[in-house]
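Read off the chains here:
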Amino acid sequence: MQKILVINPGSTSTKIAVYDAHQQLWQEDIVHDGAALRAYPTIFAQREFRLPLVIETYQNHGDKLDKLACVMSRGGLLPPLASGAYEINECMLDVLEHRPMNHHASNLGAAIAFEIAKPLGIRAYIYDPVTVDEMIDLVRITGLKEIRRHGQGHNLNMRAAALKYCRETGKAYDTQNLIVAHLGGGITLSLHNQGRIVDMVSDDEGPFSPERAGLIPAFKLVKLIDKEHLNYKDTMFKLQRQGGLTSLLGTADVREVEKRIDAGDEQAALALEAMALGVAESIARLSVVVSGRVDAILLTGGIAHSVRVTDMIADRVRFIAPVHKLPGENEMQALADGACRVLSGEEAAKTYVEPEECHF
C-alpha cells in the first residue's frame, strides 16, 4: 500500500484525504470556527491551530502516520514558478510566510504538510499552484510599459485535465498543443504547447463568469471607478465577487440560470450565451499563439457538467480542434495523481529556490 495524505486548506475549512496510490480511501472537510481563526494575527499563524486538527482527523480514521509514503499539499501563492511538483523546504515556507504574492489560506498547506512529514522522515510536496507561470515573453507585452501580463489561473485542475486527456488517448503531453478552459466561479484558460503553459487567459482579461466581471472596456471602467469613488478594495470586490452572472442576473448558480431559461427567461438565456461566447472567443485568442495548430480543446471545471453551456462553446470552436469535456474540479485527485508520479519516478520533484525576478 502506498498511502498519500492530501491537504487543501480553504478560508474556513481544511480538506484532507487519504489515497492508496490513485484510489481515494476517504476524504473529510474539517470546518473551522471563524472566531477561532480570527484570533490569530495572520493567516499563516493559523498553522498552529489547523495542524493538530489535521492529525487528529487522520488518526480518527484509524490510520497511522508512519504508514504514509508522502504528504501532498495544494500550493500557495508563491512567486511565479514552473509547473509540476516541488519538495517543500525551509526556503518555500519562509517565502509563503513573509513574501507571498498574496496572503491566502492555501499558503498554510505547505507548512502543515512539512510539519507532518519531517518527523516521519518522508517528503512533502506541493503541485501546480495557482501562480504557475510559464508564459513566453511575446505574450507578456501590453500597451503600458508599467504593466506586463502574467500567468495566474486554475493551473492544478487545468493541467490535470490535460494530463488525463493525454493518458486516456495515449498521447504524450510534451507532443501536444492543448487549450484547456476551466469553467467555475471564475473562468481561466491555458495553452499547453508541448508540455509548457505558454499563454493563459486569467479571470480579469477574458470571459465573465458566475462571479467575475472578466474583461471590461478599460476607459469605461476608469470612468465608473471615478463616478462611484471606488477605492482599490471596493473595486476588486465589485470585479471579483459582484460581476458576471451575479451582476447581470443576481445569481452565481448556473443551474438556477438554466431553470430560468427553461421557464422562458430571455435575459437569462442571453447572459448565459454571452458567457459561453466569451469562453469561445478566449479559446480562439489562444489558438493563434500556435498559428491554429491545436490538437484538442478541453472543457473542465464545475460548469463543464452543463451540457447547455459546453455545447454552446463547442459549437463555436470545434472548427479549431476537437472538443472534449472533462467536468469537475478534481483538486484532491489531481494532487494525489501528482504525488503518484513523483513516487513512481515518472516525474522528478523540483527543489524550490526563491526567484530573483517575478517571471521567466
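Heads up: the structure comes first, above all this text.
Everything numeric in this text was worked out from a predicted model, so none of it was measured.

This part covers the pairing of strand β6 (residues 123-127). Burial analysis of β6 places four of its five residues in the buried class, the great majority of the element. Sheet analysis places strand β4 (residues 68-74) next to β6, joined by five bridges and oriented parallel. In the sheet register, Val71 faces β6, and the bridge partner there is Ala124. Bridge count between strand β5 (residues 85-87) and β6: three bridges; the pairing is antiparallel. Across the sheet, residue Ala85 finds its bridge partner in β6, namely Tyr127.

Let us look at helix α12 (residues 331-344). An ideal rise of 1.5 Å per residue puts 20 Å on 14 residues; α12 measures up with 20 Å between its terminal C-alpha atoms. Extensive coverage of α12 is indicated by the burial of 10 of its 14 residues. Taken together, the buried positions of α12 are Met332, Ala334, Leu335, Ala336, Asp337, Gly338, Ala339, Cys340, Arg341 and Val342.

Further remarks concern the sheet that holds strand β10 (residues 296-301). Here we have five strands laid out as an open sheet, ordered β9-β8-β7-β10-β11, and mixed in their pairing. A single partner strand is all that each edge strand has here, and the edge strands are β9 (196-201) and β11 (323-327). Going across the sheet, the axis of each strand differs from the next one's by a mean of 20 degrees, ignoring polarity. In the sheet, β10 pairs with β11 via five bridges, with the strands oriented parallel. Considered in β11, the bridge of Leu299 is made with Lys325. Sheet contacts for helix α11 (residues 307-317): β7 (177-183), β10 and β11; angle to β11, the most-contacted strand, approximately 155 degrees.

This part takes up the packing of aromatic side chains. Given two aromatic rings, one states the distance between the centres and the angle between the planes to describe the pair. According to the stated counting rule, one finds three aromatic pairs in the structure shown. Aromatic pair Tyr40 and Phe49: ring centres 6.0 Å apart, planes at 50 degrees, arrangement tilted. A cation over an aromatic ring shows up here: Lys350 above the ring of Tyr86, its NZ or CZ 5.4 Å from the ring centre.

The subject of this paragraph is the sheet that holds β4. Taken together, seven strands build an open sheet; the order of strands is β3-β2-β1-β4-β6-β5-β12 and the sheet is mixed. The outermost strands of the open sheet, each flanked by one partner alone, are β3 (23-31) and β12 (350-351).

Looking now at the side chain of Thr251. One can find Thr251 in the loop between α8 (244-249) and α9 (254-262). Each residue touching Thr251, except ones within four places of it in the same chain, is listed here: Pro210, Leu245, Thr246, Glu256, Val257 and Arg260.

Before going further, it helps to examine the environment of Val95. By secondary structure assignment, the location of Val95 is in helix α3 (residues 90-98). Under the relative-accessibility criterion, Val95 is labelled buried at 0%. Distance from Val95 to Gln152, taken between C-alpha atoms, is 18 Å for residues 57 residues apart in sequence. If we ignore the near neighbours within four places in the chain, the residues touching Val95 are Leu78, Pro79, Pro100, Tyr352 and Glu354.

Cut-offs used in this document
- Residues numbered from 1 in each chain as written.
- Predicted model: local features only at pLDDT ≥ 70, side-chain atom pairs only at ≥ 80, totals over all residues.
- Heavy atoms only, no water.
- Buried < 20%, exposed > 50% of the residue type's maximum accessible area, 1.4 Å probe, protein only.
- Helix = DSSP H or I, 4+ residues; strand = E, 2+ residues; numbered from the N terminus.
- Pairing = 2+ DSSP bridges.
- Expected span 1.5 Å × (residues − 1).
- Axes fitted to C-alpha atoms, helices over the stretch in contact; angles between N-to-C directions.
- Contact = heavy atoms within 4.5 Å.
- Phe/Tyr/Trp six-rings, centres within 6.5 Å; stacked < 30°, edge-to-face > 60°.
- Lys NZ or Arg CZ within 6 Å of the ring centre and 35° of its normal.

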